[in-house]
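# Observations on chain architecture
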Amino acid sequence: MQSIISHPAPCIPATVGAIYGGNMKKLAFLLALLMVITPMLAACGKDPNEESSAESSNDSSSEEFLYNLDSLPELDYGKKSFGIFIDKDGADYLIAEEENGDLVNDAVFQRNLAIEERYNLKFNMVEAEVNQPCEEIKNFIMSGDTTYHMFINVQHNAMPEMILNGYFVDWNEMEYLDYTKPYWNSRIAKDINFGGKVYTMAGDLNLTTYNSTNCILFNKNLFDDLGIDYPYQDVYDLTWTAEKFDAIVKQGYKDLNGNQLWDPAEDRCGFSGWSPEMSTAMYIGFGGKPVINDENNMPTLNINSEHTEKIFSAIANIFDRRNAFVNTSEFDLDKKMVREGRILMDDTFITGLSNNRDSEFEFGLVPYPMLDEDQGEYYSRAANIAHLCYIPTTNTELHDTGIILEAMSIESYNSIRPTYYDVTLSLKEAKDEETLDMVNIILDSSSYIVEGFVSSGTITPIMQSGQYHFASWYASNEGMFKSQVKKMVAFYSGETQS
């Protein structure tokens, strides 16, 4: 198996945008042109009577796509069932019983059919009846039930705990998986996996993970009215920082009802969002990583640091007045403000642009800013509701599983992701060329943190008060933090039986 590296997975990296001064469209055009010209050049030396490749082969996938199934070994699964158990509401890009004219559904159906026919298998994909069916997953594994080769569930505290209790298999045991390819999110390997072991993964085989990536929606009409430049060029140039973000936020407040008080039901502000999502998204965007790999590739605490203090200070500064509003009371309040044109910028998921496509306002997307330019790259929070993949210890067919999952991911990359961009994200309807670039950068920077350390419960009080008390907060939690990391080290080092 190829080594796991921290190579950004999907689409065009942010650094490419910086190199090309933001003109990614030209780069995409050149790549597309190269794909057209290469077959023509290859054909120049051929005998004119030689049969064309299109006529001599019924399978043109190797010519049409950068990645294809021919790179994988042959496999006859003997008409057996390949089982996948999926968290409720996490199966939109996995289960399709038949074609029904819906472009996404039909792409999923065709993907599944292609894999079934190629490997002589039958998918048994079952959607759980409840959200976060952790106990059900645990019972399947403890009882030795071999029905399911993979479980898909949201990443939250129960699943990391199940990893440490030895319920899942290291993905390195599946020979043909290659996490360096763009159809896998290889950041997961370093963000929430340790010791060179990978117990959870995500990628194009289930694009609901992308849906749960945080970013910032901005109102172009308000930016135009206030004479503020769209931050696209700063994003391209890797100069989109907390300082520049804060400068825009502080131009957003306006006392629309004239009562000289901050009233989120009627006034305008520069930035807002739903507390459980926005708070952690900002922490991650500013480079917050509570647990990282040390020099021995073991988990180590990364909280008690000058960098964390800078993050907390930057957040407090942004929320020090009424310019920014943290929504803790009514789930849809900030979204209502967006629809009424009373927010300059709003925390959203990647689907926020398409959710507002019928609005009377025009919107753009950008990633969360960096803390400062020294950070050098963007980090876009993949929410803990993102659906990740876990291989149970009851799976005795790891060789075949690796081939099938790699094939699913390749097929998804070739057919479902383009449909996802056009339909789910409505990028076909995008009115500026920067929108696709921003989506690529946001998804490319999709990042995870180990849950249970720094959370919205820590960040939200800072946003509400515009103040932070780092030393006292850390002192009160240090014992718990160290106990959690000690358990992680014991597991990943093999000191505890997995």
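Residues numbered from 1 in each chain as written. Predicted model: local features only at pLDDT ≥ 70, side-chain atom pairs only at ≥ 80, totals over all residues. Heavy atoms only, no water.

## Looking at the side chain of E411
Under the convention used in this document: Helix and strand labels come from DSSP, where a helix needs a run of H or I of at least four residues and a strand needs a run of E of at least two; each type is numbered from the N terminus. Accessible area is worked out with a 1.4 Å probe on protein chains only. A residue is then buried under 20% of its type maximum, exposed over 50%, and partly exposed in between. In this tally, Lys and Arg are treated as positive and Asp and Glu as negative; His is ignored, and so are the chain termini. Salt bridge, as used here: a side-chain nitrogen of Lys or Arg that lies within 4 Å of a carboxyl oxygen of Asp or Glu. Pairs of residues are marked as contacts when any of their non-hydrogen atoms sit within 4.5 Å.
For E411, the position within the fold is in helix α17 (residues 398-424). Despite its burial, E411 remains without a salt bridge, the nearest opposite charge being carried by R118 at 7.2 Å. Non-local contacts of E411, meaning those with residues more than four positions away in its chain, are made with L69, R111, A114, I115 and I416.

## Here's the deal with helix α6 (residues 134-142)
Applied cut-off: By arc we mean the arc of the directions from the helix axis to the C-beta atoms, nothing more.
Regarding α6, the residues found buried are C134, I137, F140 and I141. Angularly, the buried residues of α6 cover 125° about the axis, an arc narrow enough to put them on a single face. G144 sits one or two residues past α6 and shows a positive phi near 80°.

## Focus: the sheet that holds strand β1 (residues 81-86)
Here is the rule we go by: Here, any two strands with at least 2 DSSP bridges between them count as paired. To get an axis, a line is fitted to the C-alpha atoms, and for a helix only the part in contact is used. The angle between two axes follows their N-to-C directions and goes from 0 to 180 degrees.
Strand order in the open sheet made by the four strands is β2-β1-β3-β12, with mixed pairing throughout. Edge positions in the open sheet fall to β2 (122-127) and β12 (387-390), since each of these has one partner strand only. The mean angle between the axes of side-by-side strands here comes to 20°, regardless of whether they run parallel or antiparallel. With six bridges connecting them, β1 and β2 associate as parallel partners. Across the sheet, I84 pairs through a bridge with M125, a residue of β2. Contacts from α6 reach β1 and β3 (150-154), with the element oriented near 160° to β3.

## A closer look at the nonpolar core
To keep things clear, this is the line we draw: What we call a nonpolar core is a set of buried Ala, Val, Leu, Ile, Met, Phe, Trp, Tyr and Cys residues that are connected through their side-chain atoms within 4.5 Å.
If you look at the biggest cluster of nonpolar residues, it comprises 119 residues, and the most contacted ones within it are F168, W171, F271, M282, F319, M345 and M408. Ranked by the residues each element gives to this core, the list is headed by helix α20 (residues 470-492), at eight residues. Look past the residues within four positions of F319 in its chain and what remains in contact with it is F271, M278, M282, A324, F325, V326, M463 and G466. Core analysis: the next-biggest nonpolar cluster, separate from the first, contains 29 residues, L207, Y210, F325 and L353 among them.

## Thoughts on the pairing of β12
Along any regular strand the residues' side chains alternate between the sheet's two faces. Residues of β12 alternate between two faces, with H387 and C389 on one and L388 and Y390 on the opposite face, all of them buried. Two elements, β3 and β12, share four bridges in a ladder whose sense is antiparallel. Following the sheet pairing, I152 is matched in β12 by C389.

## Examining the packing of helix α5 (residues 103-119) against α17
Using the following cut-off: Roughly parallel refers to an angle under 35 degrees, roughly antiparallel to one over 145, roughly perpendicular to one between 65 and 115, and oblique to any angle outside these ranges. The sense of a crossing depends on the near helix, which, turned anticlockwise from the far helix by less than a right angle, makes the crossing left-handed and, turned clockwise, makes it right-handed. Three classes are used, and their members are as follows: Ala, Val, Leu, Ile, Met, Phe, Trp, Tyr, Cys and Pro are nonpolar, Asp, Glu, Lys and Arg are charged, and the others, Gly among them, are polar.
Axis separation between α5 and α17 bottoms out at 9 Å; the angle between their running directions is 165°. In terms of orientation, α5 lies roughly antiparallel with respect to α17. Seen from above, α5 lies across α17 with right-handed handedness. Contacts from L103, V104, A107, V108, R111, A114, I115 and Y119 in α5 reach I403, I404, A407, M408, E411, S412, S415, I416, T419, V423 and T424 in α17. For the contact of α5 with α17, the residue count by class is 13 nonpolar, four polar and two charged.

## A short note on the environment of I137
Structurally, the position occupied by I137 is in helix α6. When the C-alpha atoms of I137 and I86 are compared, they prove to be 9.7 Å apart, with 51 residues separating the residues in sequence. If we ignore the near neighbours within four places in the chain, the residues touching I137 are F85, F151, N153, M159, M162 and F168.

## Looking at the confidence of the model for the protein chain
Defined as follows: As a per-residue quantity, pLDDT reports the predictor's confidence and falls between 0 and 100.
On average, residues of the protein chain score 85 in pLDDT, and 87% of them reach the 70 mark or higher. Counted against residues more than four places away or in other chains, residues 1-63, with its pLDDT under 50, gives 79 contacts.

## As for α5
Every α-helix carries 3.6 residues per turn, so stepping three or four residues along brings you back to the same face. The condition is simple: Expected span of a helix, by definition, is 1.5 Å for each gap between consecutive residues, and there is one gap fewer than residues. Pairs of N or O atoms within 3.5 Å make up the polar contacts considered here, provided that, within protein, one atom can donate a hydrogen while the other can accept it, and that residues adjacent in sequence are counted only when both atoms are side-chain atoms.
Here α5 is 17 residues long and its end C-alpha atoms lie 24 Å apart, about the 24 Å a rise of 1.5 Å per residue gives. Here α5 has its buried residues at V104, N105, D106, A107, V108, F109, R111, N112, I115, E116 and Y119. Contact partners of the buried residues in α5: β2 and α17. In this structure D102 caps α5, since a side-chain oxygen of it lies 3.2 Å from the backbone nitrogen of V104.

## Digging into the packing of aromatic side chains
Rules: For this analysis, a ring pair means two rings from Phe, Tyr or Trp (six-membered ring only for Trp) whose centres lie within 6.5 Å, classed as stacked if their planes differ by under 30 degrees, edge-to-face if by over 60, and tilted for the remaining angles. In this scheme, the term charge over a ring applies when either NZ of a lysine or CZ of an arginine sits within 6 Å of the ring centre and within 35 degrees of the ring normal.
Applying the stated rule across the entire model yields 40 aromatic pairs. Arranged with centres 6.4 Å apart and planes meeting at 80°, the rings of F312 and Y468 form a pair that is edge-to-face. In this pair, F312 sits in helix α14 (residues 306-318) while Y468 sits in the loop between α19 (456-465) and α20, placing the two residues 156 residues apart along the sequence. The exposure class of F312 is buried, given its relative accessible area of 1%. One aromatic cluster is present, built from ring pairs that chain together F312, F453, Y468, F470, W473, Y474 and F481. Taking the ring centre of Y77 as reference, the NZ or CZ of K80 above it sits at 4.5 Å.

## Section: the pairing of β1
Stated formally: Throughout, right-handed denotes a crossover for which the path from the first strand over the helix to the second runs clockwise when the strands point away from the viewer.
Of all six residues in β1, five are buried, a share of seventy percent or more. Of the crossover connections in this fold, the one passing from β1 over α5 to the parallel β2 is right-handed. Taken together, the three bridges between β1 and β3 define a ladder with parallel strand orientation. Pairing of F85 across the sheet is with F151, part of β3.

## Thoughts on unusual backbone geometry
Backbone geometry places K79, a non-glycine residue, at a positive phi of 65°. Considering the arrangement of structural elements, one finds K79 in the loop between α4 (61-64) and β1. The phi dihedral of L238 is positive, around 60°, even though this residue is not glycine.

## Quick word on the sheet that holds strand β9 (residues 343-349)
Judged by pairing direction, the sheet is mixed, and its five strands sit side by side in the order β8-β5-β9-β4-β10 without closing on themselves. Each of the sheet's edge strands pairs with one partner strand only, and the pair in question is β8 (324-327) and β10 (363-366). Averaged over all adjacent pairs, the angle separating strand axes in this sheet is 25°, with direction ignored. Judged from the three bridges that link them, strand β5 (residues 269-274) and β9 form a sheet pairing that is parallel. Paired with C269 across the strands is I343, a residue of β9.

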